[in-house]
Amino acid sequence: MRKKIVAGNWKMNLTFPEGIKLINDIIQGSESLSDVQLVIAPPFTYSHEASKILEKTNIGLAAQNCTNNEEGAFTGEISAKMLNSIGVKYVILGHSERRAYYGETDEIVNEKIKLALKYSINPIVCCGEVLPERENNEHFSVVAKQIKGMFYEITPKQVSNIIIAYEPVWAIGTGKTATPKQAQEMHHFIREAIQNSYGHEIANNLSILYGGSCKPSTAKDIFHKSDVDGGLIGGASLNADDFINIANSF
Ligand code: PEP
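Residues numbered from 1 in each chain as written. Predicted model: local features only at pLDDT ≥ 70, side-chain atom pairs only at ≥ 80, totals over all residues. Heavy atoms only, no water.

I'm lost on the pattern of salt bridges in this one. Help?
Side chains that differ in charge, positive against negative, can pair when their charged atoms come close. Enumeration according to the criterion identifies 15 salt bridges in this entry. Measuring nitrogen to oxygen at the nearest pair gives 2.9 Å for the salt bridge that ties Glu70 to Lys118. Highlighted residues: Glu70 in the loop between strand S3 (60-63) and helix H3 (80-85) and Lys118 in helix H5 (residues 106-118), separated in sequence by 48 residues. You can call Glu70 partly exposed: its relative accessible area is 27%. For the salt bridge of Arg191 with Asp229, the shortest nitrogen-to-oxygen distance reads 2.9 Å. Separated by 38 residues along the polypeptide, Arg191 in helix H9 (residues 180-198) and Asp229 in the loop between helix H11 (216-223) and strand S8 (230-233) bring together distant segments of the chain. Note on accessibility: Arg191 and Asp229 belong to one class, buried. Because the salt bridges share partners, they merge into one network encompassing Arg2, Arg191, Asp227 and Asp229. (Salt bridge = Lys/Arg side-chain N within 4 Å of Asp/Glu carboxyl O. Helix = DSSP H or I, 4+ residues; strand = E, 2+ residues; numbered from the N terminus. Buried < 20%, exposed > 50% of the residue type's maximum accessible area, 1.4 Å probe, protein only.)

Right under this line is the structure:
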């Protein structure tokens, strides 16, 4: 049985006290939840404290990024090894904002995935098309290319520690959610691509999350689709009630 996961990407939002309050509110709200793995991705500077607070809970701690280098003279960067040393269990990689603003390519994401796995951190690997690509009916080929590049030389054993997030870029932060049908057909396509490379069992156990303006009002119809295993949530993860309501949508 594959895992149901709802992950919150806080991006560059909230002060430290606001972040700590949100974590405590989420812990409180999550007490009634069963069967869903909650994950939160605060900014790096809050990770160590978040790790201590989350230690005795079932909520997983994620980072929003890590570097594609092992260690050394890379001013300002944070490595997978460092994240591992403070108890970070997941890392979001290949987010469209990193691709658009920081020039991240599938090749760089592939290097990051390998380092995250080396340090026992589960990558949440993002893919998704921009609006003109969807309008030109190129969305399947775009996502297929991203998956191929990001999974280069990733072994079958490693895939079982990876989560994929399908995030159509036109839906991120726009208030425009993909329809349940659009999400399902892309998730099915991604699962088939993984099946073609890694076989049925691995593909069937892979959690594929939907991301893009997911809210409590839209999560239910999307999460009920057979190939959707949860969500990567941006804006709505900054409110504990909304985040918990989304996690209650299965
Ligand atoms: C995201 O950035 O991963 C995301 C899904 O954002 P939002 O929910 O705000 O669209």
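It is not clear to me how the site of the ligand should be interpreted in this structure. Could you clarify?
In the neighbourhood of the ligand, 14 residues make up the surrounding shell, with Lys11, His95, Glu167, Gly173 and Ser213 lying closest. Note that an oxygen atom of the ligand is positioned 2.7 Å from one of the side-chain N or O atoms of His95. Residue Ser213 places a main-chain N or O atom 2.7 Å away from an oxygen atom belonging to the ligand. Protein burial of the ligand: of its 290 Å² of free accessible surface, 95% is covered by the chains. The residue makeup of the shell around the ligand, split by class, is 4 nonpolar, 8 polar and 2 charged. (Near = heavy atom within 4 Å. Polar contact = N/O pair within 3.5 Å; in protein donor to acceptor, adjacent residues only side chain to side chain. Areas by Shrake-Rupley, 256 points an atom, 1.4 Å probe, with all protein chains shown as cover. Nonpolar A, V, L, I, M, F, W, Y, C, P; charged D, E, K, R; others polar.)

By themselves, these figures tell us nothing about what the structure is for.
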